[in-house]
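Breakdown of the fold
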Amino acid sequence: MRVPLYQAKAEFFRMLGHPVRIRVLELLQHGPVPVRDLLADLDIEPSSLSQQLAVLRRSGIVVSIREGSTVSYALAGGDVAELLRAARRILTELLAGQNELLVELQQNDTSLPPVSSGG
């Protein structure tokens, strides 16, 4: 039985729904990264990283590259990097809209503390 496209999309986004997986994909945007460097950047247990990399590898989003005793990972295609950039743009717009709403609410309600513009 064929899976409907909307269900396949939902499963794809569910697969992305883990902070470590998203961070790994972000780290791989600029090219292959050795596992030891991923471990240093992520500060997680090797077994946990291995588990998350296995999920990404099974989905076909990343590929492993072995050079001697070094194993690196890379994005399987550029579309994933574009998806991450799109997510960043969407989040930026959503947060900017929320901040504008908060400012408007504060201007109309003197009992709320002012929004700080720093950070």
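Structural notes, computed from the coordinates.

Cut-offs applied
Residues numbered from 1 in each chain as written. Predicted model: local features only at pLDDT ≥ 70, side-chain atom pairs only at ≥ 80, totals over all residues. Heavy atoms only, no water. Axes fitted to C-alpha atoms, helices over the stretch in contact; angles between N-to-C directions. Helix = DSSP H or I, 4+ residues; strand = E, 2+ residues; numbered from the N terminus. Parallel < 35°, antiparallel > 145°, perpendicular 65-115°, else oblique. Left-handed = near helix turned anticlockwise from the far one by under 90°. Contact = heavy atoms within 4.5 Å. Nonpolar A, V, L, I, M, F, W, Y, C, P; charged D, E, K, R; others polar. Core = buried A, V, L, I, M, F, W, Y, C linked by side-chain atoms within 4.5 Å. Buried < 20%, exposed > 50% of the residue type's maximum accessible area, 1.4 Å probe, protein only. 1 Å grid on protein atoms, 1.4 Å probe; cavity = no way out; pocket = protein on both sides within 12 Å on 5 of 7 lines; lining within 4 Å. Points joined across faces, edges and corners; volume = space filled by probe spheres on them. Pairing = 2+ DSSP bridges. Patch = residues over 30% accessible without salt bridge, like charges linked within 9 Å, V, L, I, M, F, W, Y side chains within 5 Å. Areas by Shrake-Rupley, 256 points an atom, 1.4 Å probe, with all protein chains shown as cover. Salt bridge = Lys/Arg side-chain N within 4 Å of Asp/Glu carboxyl O.

Packing of helix α2 (residues 19-27) against helix α3 (residues 35-42) brings their axes to within 11 Å, and their N-to-C directions diverge by 125 degrees. In this view, α2 runs oblique relative to α3, as classed from their interaxial angle. Considering only the axes of α2 and α3, their crossing is right-handed. Where α2 approaches α3, its residues Val20, Arg23, Val24 and Leu27 are matched on the opposing element by Leu38, Asp41 and Leu42. A class-by-class count of the residues in the contact of α2 with α3 yields five nonpolar, no polar and two charged.

This part is about the nonpolar core. Residues Val24, Leu25, Leu28, Leu38 and Val62 are the most contacted members of the largest nonpolar core, which totals 21 residues. Listing elements by their share of this core, those giving two or more residues are α1 (5-16), α2, α3, α4 (46-59), β3 (70-75) and α5 (78-108). Other than its neighbours up to four places away in sequence, Val24 contacts Leu42, Leu49, Leu53 and Leu56.

Before going further, it helps to examine the layout of surface pockets. Considering only enclosed or pocket space, the largest pocket measures out at about 250 Å³ in volume. For the largest pocket, the full set of lining residues is Phe13, Leu16, Ile22, Glu26, Gln29, Leu83, Leu84, Arg85, Ala86, Ala87, Arg88 and Leu91. Mapped onto the lining of the largest pocket, the elements with two or more residues apiece are α1, α2 and α5. Looking at the lining of the largest pocket, the element that brings in the most residues is α5, giving seven residues. Considered class by class, the residues forming the lining of the largest pocket number eight nonpolar, one polar and three charged.

The subject of this paragraph is unusual backbone geometry. A positive phi angle is found at Asp43, which is not glycine, with a value near 55 degrees. The residue Asp43 is located in the loop between α3 and α4 in this model. Judged by its relative accessible area of 70%, Asp43 is exposed.

This part is about the packing of α2 against α4. Where α2 meets α4, the axes come as close as 10 Å, and the angle between the chain directions of the two elements is 75 degrees. When the axes of α2 and α4 are compared, the pair comes out roughly perpendicular. Listed contacts from α4 to Val20, Arg21, Val24 and Leu25 of α2 are Leu49, Gln52, Leu53, Val55 and Leu56.

Pairing within the open sheet is antiparallel, and its three strands lie in the order β1-β3-β2. Lying at the two open borders of the sheet, with one neighbouring strand each, are β1 (33-34) and β2 (62-67). As defined by bridge partners, β2 adjoins β3 across six bridges and the pair is classed as antiparallel. Across the sheet, residue Val63 finds its bridge partner in β3, namely Ala74.

As a further point, take a nonpolar patch on the surface. The grouping of Ile90, Leu91, Leu94 and Leu95 at the surface amounts to a nonpolar patch, some 400 Å² of accessible area in total. Within the secondary structure, Ile90 sits in helix α5.

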